[in-house]
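# Coordinates in review
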Amino acid sequence: MTSLAPKIISQPRIDGAAQNVLRLAFLSFTVTILLFCTLASAEEREATVEFAFSNDPADVVLTVSTYADQTVSRRRLVLYGDGRTELSRSKWGRPTKTYVIQLSRQERNHLLHTAAVHRLPEWNDASILARMSRKLGDGVFGPPDAAVATVELSVKRYQRGAIKRQNTTISFEFKGVGSAAELFPEIQEIVGIKEIIGHMRILLRKAEEAQQP
């Protein structure tokens, strides 16, 4: 009579040396996976930004202005290549106050660095609106009483990955920068405008304080 008992198949014994080889193979495989993941995430990070602006005292490298209908107020900053900066402000129809200051090299570079690392040389209205729409869906953004920011940036050289700009001037307008920067913190260009406007306000306040008796 045939036995139905299951056959026991003996497992091959693995000696110490073979176990070490298997451990090393497993560790190697794990390290390879981790390295692959690290490289993949590194590629997803932002590419290094390289940029250069004119140092010529006659060249305007950055102009920023804001205008608010509600208070009939305007602020404006004009930055030249050597750091000379013209600042002006008017409100409620009063005469415009104008100041001329000299930024240090560090202050000038900080403003231009802010513009470059926040991709302002890449500004594209359609791209900005598309990214806003993806988050808003059918919603509408645009506070009716928000200030309008106008920016003009002249760059000698700019590169981020495959994106290149050379001897280019970019100009654009955007309404409601403050609200948009809070709602869309992932859109670097909008955040960059907000930071530059913040710098402009600080410089204006310092210039006004310096002229007070």
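One structure accompanies this document, and this report is about it.

### Let's talk about the overall build of the protein
Helices and strands together make up the secondary structure of the protein, namely five helices and seven strands. Along the protein, helices and strands appear, N-terminal first, in the series α-β-β-β-β-β-α-α-β-β-α-α. Here the protein, with 213 residues, has 31% of them falling under the buried criterion. Nonlocal contacts in the protein, meaning residues at least 24 apart in sequence, comprise 59% of its contacts between residues at least 6 apart. For the protein, the exposed surface amounts to about 14,100 Å²; the carbon and sulfur share of it is 55%.

### Notes on the pairing of strand β7 (residues 163-175)
Here strand β6 (residues 148-160) runs beside β7; their pairing, made up of twelve bridges, is antiparallel. Each bridged residue has a counterpart across the sheet, and for E152 the counterpart in β7 is S171. Counted along the chain from β6 to the antiparallel partner β7, the turn is two residues long, and its residue G161 has a positive phi close to 65°.

### With respect to the pattern of salt bridges
A full pass over the atoms with the stated rule returns six salt bridges. E122 is the salt-bridge partner of R160, the closest N and O atoms lying 2.7 Å from each other. One end of the pair, R160, is in strand β6; the other, E122, is in the loop between α2 (105-117) and α3 (125-136), and 38 residues separate them in sequence. In this structure R160 comes out as buried when scored by relative accessible area, which is 15%.

What counts, and where the lines are drawn
Residues numbered from 1 in each chain as written. Predicted model: local features only at pLDDT ≥ 70, side-chain atom pairs only at ≥ 80, totals over all residues. Heavy atoms only, no water. Helix = DSSP H or I, 4+ residues; strand = E, 2+ residues; numbered from the N terminus. Buried < 20%, exposed > 50% of the residue type's maximum accessible area, 1.4 Å probe, protein only. Contact = heavy atoms within 4.5 Å. Areas by Shrake-Rupley, 256 points an atom, 1.4 Å probe, with all protein chains shown as cover. Pairing = 2+ DSSP bridges. Salt bridge = Lys/Arg side-chain N within 4 Å of Asp/Glu carboxyl O.

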